[in-house]
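# Summary of structural features
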Amino acid sequence: MAEIHRTTLTPSKLELLAVWLPKQPWYQGGSGPAELEKAGGFRLDDPAGEVGIEFMAVTDRAGAEVVTYHVPLTYRGAPVDGLEAALVGTSEHGVLGKRWVYDGAHDAVLCAQLLALARGTAEAQAQSLSDTPDPSVHGRWDGPLPEGGARPSGVVSGPEGTSTTLCEGRLLLRTHRVLRAADAEFPPGLVGYVSGLAPADLSARSLYASFHLPTS
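The present account deals with the structure reproduced in this document. All of these numbers come straight from a predicted model, not from anything done at the bench. (Residues numbered from 1 in each chain as written. Predicted model: local features only at pLDDT ≥ 70, side-chain atom pairs only at ≥ 80, totals over all residues. Heavy atoms only, no water.)

The next thing to look at is the pattern of salt bridges. Across all of its chains, the model carries 7 salt bridges by this definition. A salt bridge links K13 to E54; its shortest N-O distance comes to 3.0 Å. Of this pair, K13 sits in helix α1 (residues 13-20) while E54 sits in strand β3 (residues 52-60), and the two are 41 residues apart along the sequence. Under the relative-accessibility criterion, K13 is labelled partly exposed at 24%. The exposure class assigned to E54 is buried, which follows from its relative accessible area of 1%. (Salt bridge = Lys/Arg side-chain N within 4 Å of Asp/Glu carboxyl O. Helix = DSSP H or I, 4+ residues; strand = E, 2+ residues; numbered from the N terminus. Buried < 20%, exposed > 50% of the residue type's maximum accessible area, 1.4 Å probe, protein only.)

Following this line, the structure appears as structure tokens:
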């Protein structure tokens with residue numbers, strides 16, 4: 001399991017996101033910078049032990065309404081060819097040195113582990129504690145897994161969130177960017193999802209990600 005280091009990160013994750021978030025098509029505030037505070041989240045382990053994987057919930061107070069966003073992030077020790085457009089920024093880690101921070105909806109390692117979480121073969125980890133599972137995060141999967149693997153073959157972001165094509169076009173991962181209490185009914189074509197406690201109402205749950213069969 002990944003070790004959580006008690007050290008500095010300069011600039012901090014919130015500082016990086018305050019600049020990055022207002023540039024995204026699903027951001028609901030003004031032109032920025034965002035006014036962020038941490039609102040929760042969880043981590044997943046990379047089986048190879050190379051990539052940090054975090055699912056951050058951040059609350060923004062810069063707009064007319066308070067909004068909590070979901071930002072999946074990966075932390076890498078070197079830049080990755082093909083992920084230039086997904087770079088959130090770089091930061092200096094007090095133990096690990098320079099880290100490249102990416103929007104995880106584009107990152108094959110995160111997508112594979114998120115799929116494993118939905119299918120019950122990976123376990124969510126506490127956001128700020130080492131070797132500590134987070135039982136509040138739930139995954140569910142119905143039906144077989146399409147062939148083709150979890151490497152993204154296309155990523156599109158819009159006002160409703162981010163869609164990542166997996167399994168050579170046979171599966172769609174939707175990253176829910178605005179965290180709300182989840183609807184009681186899920187749309188047709190849903191084959192799996194990952195949910196966690198809703199940041200504004202711990203008696204409810206929010207969808208962090210869902211998996212769908214393409215409609216065409």
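Of all hydrophobic cores here, the largest spans 28 residues; its most connected members are F42, L114, L117, L171 and F211. If you list the elements that add at least two residues to this core, you get β2 (36-44), β3, α2 (108-119), β11 (171-175), β12 (190-198) and β13 (201-212). No other element matches the 7 residues that α2 contributes to this core. If sequence neighbours within four positions are ignored, L117 has contacts with F42, L44, A122, E123, A124, V137, G139 and V194. Judged by nonpolar contacts, the second largest core, of 19 residues, contains W26, L36, V71 and L73. (Core = buried A, V, L, I, M, F, W, Y, C linked by side-chain atoms within 4.5 Å. Contact = heavy atoms within 4.5 Å.)

Now for the pairing of strand β9 (residues 154-158). Residues in a regular strand project their side chains so that they alternate between the two faces of the sheet. Where β9 meets strand β10 (residues 161-166), 5 bridges bridge the pair, whose relative direction is antiparallel. Across the sheet, G158 pairs through a bridge with G161, a residue of β10. Where β9 folds back onto β10 in an antiparallel hairpin, the turn is made up of 2 residues. (Pairing = 2+ DSSP bridges.)

Here we take up the pairing of strand β6 (residues 97-103). Most of β6 is tucked away, with 6 of its 7 residues classed as buried. Two elements, strand β4 (residues 67-76) and β6, share 4 bridges in a ladder whose sense is antiparallel. Of the residues in β6, the one forming a bridge with T74 is Y102. Of the pairings in the sheet, the one linking strand β5 (residues 87-93) to β6 comprises 6 bridges and is antiparallel in character. Paired with T90 across the strands is W100, a residue of β6.

This paragraph deals with the packing of aromatic side chains. Aromatic ring pairs are reported here in terms of the distance separating the ring centres and the angle at which the planes meet. Tallying each qualifying case throughout the model produces 6 aromatic pairs. For the pair W20 and W26, a centre-to-centre distance of 5.9 Å together with 65° between the ring planes defines the contact as edge-to-face. No difference in accessibility class separates W20 from W26, as the two residues are buried. Arranged with centres 5.5 Å apart and planes meeting at 65°, the rings of F42 and Y208 form a pair that is edge-to-face. Here Y208 lies in strand β13 and F42 lies in strand β2, a separation of 166 residues in the sequence. Each member of the aromatic cluster is reached from another via a ring pair, and the members are W20, W26, Y27 and Y69. (Phe/Tyr/Trp six-rings, centres within 6.5 Å; stacked < 30°, edge-to-face > 60°.)

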